[in-house]
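Chain by chain, the residues:
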Amino acid sequence: MNIEVIVSTMNQTNIDFYKKLNIETDCLIINQTDHNSYQEIEDKGNRIRMISTDTKGSGISRNLGLNNSQADIIIMADDDEVFEKGYKDEVYQEFKNHPDVDFFVFKTEIINKGKTTIKVKKDSKLSLYNSLKYGTIHFVFKREAIAKKNLSFSTYFGAGSPNGGGEDSLFIADAHRKGLNVRSSTKLLAKIYNDQSTWFEGFNEKFFYNKGKLSRALFPCFYRLYIYQYLLRHKEYFEKVSKKDALTLMLKGAREFGGKK
């Protein structure tokens, strides 16, 4: 079972960048920069590749990785991850123990300004709704299962677009809707050190407007219900925008994305 890490990054000047990630498997780096090129080396039997591209956007980057991978198992990653020693064996063992699973959400430790956040807290089968809180840095899946269902990342949402994040939520929602078996794993995959964000500007008017668009994309028929419960669950988001105004903005974004119905 061949495992490959697909890393999205920007403006790298040398393929040796991969060394900071503690890679134990094959690795494909998608480097969004100002030119197009290809590099490949071998390290301890692992194939390390870097595709440099002048395209922009996280969805475009991740899709380029999917389209150029030949691995059995794909691990999605950002450039601020450090993988745990032995992650290759842990991933292999989880798929061996659960041969019917197509898509795992693995535990990561997200470290931001000294605070550690862990979202995966139990091993279980995941429903569509319970999957939406997990970002791409948790995603590990069978490449063939994704290819067979023609799954790809949205290029309308995500870093590099004017419409905010959410390509990861749409991707895993599509996986559920197309019949893939999705499960969480408490095996620690990596630590993520994201003290800086290149796109997040806080819980401002733009955030709620874009979140309304995403709500409509995720749930075309039930977006209003999703918006109401989202605002109920995230009372901590109302420092810059009141709850009432956030609701108005989200509904406006939903209408702009999908019409007045």
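Throughout, residues of each chain are indexed from 1 in the direction in which the sequence is written. Per-residue local features of the predicted model are confined to residues with pLDDT of at least 70, and side-chain atom pairs are confined, for both listing and counting, to 80 or more; whole-chain, interface and lining totals are unaffected and use all residues. Side-chain numbers here rest on the full set of heavy atoms in the structure, without hydrogens or water.

1. Points about the pairing of strand β10 (residues 139-142)
- In terms of strand pairing, strand β5 (residues 73-78) meets β10 through 3 bridges, oriented antiparallel. Bridge pairing links I74 to F141 in β10.
- Whether two strands pair depends on DSSP finding at least two bridges between them. Helical segments are the DSSP runs of H or I of at least four residues, strand segments are the runs of E of at least two, and each set is numbered from the N terminus. Looking at chain direction, strand β7 (residues 103-112) and β10 are connected through 3 bridges and run antiparallel. Counted as the bridge partner of F104 is V140 from β10.

2. Focus: the pattern of salt bridges
- In what follows, salt bridge is the name for a side-chain nitrogen of Lys or Arg lying within 4 Å of a carboxyl oxygen of Asp or Glu. Scanning all chains against the criterion turns up 6 salt bridges.
- The partner of E40 in a salt bridge is R47, and the shortest N-O contact between them spans 3.0 Å.
- Overlapping salt bridges, with partners in common, bring together R62, D78 and E167 in one network.

3. Overview of helix α5 (residues 167-177)
- The classification of residues rests on relative accessible area computed with a 1.4 Å probe and restricted to protein chains. Under 20% of the type maximum is buried, over 50% is exposed, and intermediate values are partly exposed. Across the 11 residues that make up α5, a large majority, 9, are buried.
- For α5, the set of buried residues is E167, D168, S169, L170, F171, I172, A173, A175 and H176.
- G179 sits one or two positions beyond α5 and adopts a positive phi of about 90°.

4. Section: the environment of E236
- Tracing the sequence through the fold places E236 in the loop between α7 (223-233) and α8 (243-258).
- In the structure, E236 is positioned 33 residues away from F203 in sequence and 9.5 Å away in space, judged by C-alpha atoms.

5. Examining the nonpolar core
- Buried Ala, Val, Leu, Ile, Met, Phe, Trp, Tyr and Cys residues form a nonpolar core when they are joined through side-chain atoms within 4.5 Å. Among the nonpolar cores identified, the biggest contains 47 residues, and F103, F141, F171 and F208 are the most heavily contacted of them.
- Note on contacts: a residue pair is in contact if any heavy atoms of the two residues lie within 4.5 Å. If we skip the residues at most four places from it in the chain, F103 touches F139, V140, F141, I146, F171, I172, A175, N181, V182 and R183.
- Core analysis: the next-biggest nonpolar cluster, separate from the first, contains 25 residues, F17, L21, I48 and Y87 among them.

6. Topic: the packing of α5 against helix α6 (residues 205-218)
- Convention adopted: a line fitted to C-alpha atoms gives each axis, helices being fitted over their contacting stretch, and angles between N-to-C directions are expressed from 0 to 180 degrees. Two numbers describe how α5 lies on α6: the axes approach to 10 Å, and their chain directions differ by 10°. Relative to α6, the element α5 is oriented roughly parallel. Mapping the contact onto sequence places S169, L170, A173 and R177 in α5 and L214, A217 and L218 in α6.
- When the residues that make up the contact of α5 with α6 are grouped by side-chain class, the tally is 5 nonpolar, 1 polar and 1 charged. Oblique is the label for any angle not under 35 degrees, not over 145, and not in the 65 to 115 range, which are roughly parallel, roughly antiparallel and roughly perpendicular in turn. Lys, Arg, Asp and Glu make up the charged group, whereas Ala, Val, Leu, Ile, Met, Phe, Trp, Tyr, Cys and Pro make up the nonpolar group; the residues left over, Gly among them, are polar.

7. Digging into the packing of α7 against α8
- Following both chains from N to C, one finds α7 and α8 inclined at 150°, their axes separated by 11 Å at the closest point. Classified by the angle between their axes, α7 and α8 sit roughly antiparallel to one another. Crossing geometry of α7 relative to α8 is assigned as right-handed. Judged by residue contacts, Y223, R224, I227, Y228, Y230, L231 and L232 of α7 engage K243, A246, L247, M250, L251 and A254 from α8.
- Partitioning the contact of α7 with α8 into residue classes produces 11 nonpolar, no polar and 2 charged. Note: crossing handedness is left-handed where the near helix turns anticlockwise from the far helix by less than a right angle, and right-handed where it turns clockwise.

8. Focus: the pairing of strand β3 (residues 37-43)
- Bridging between β3 and strand β4 (residues 46-53) involves 7 bridges; their strand directions are antiparallel. Looking across to β4, one finds that D43 is bridged to N46.

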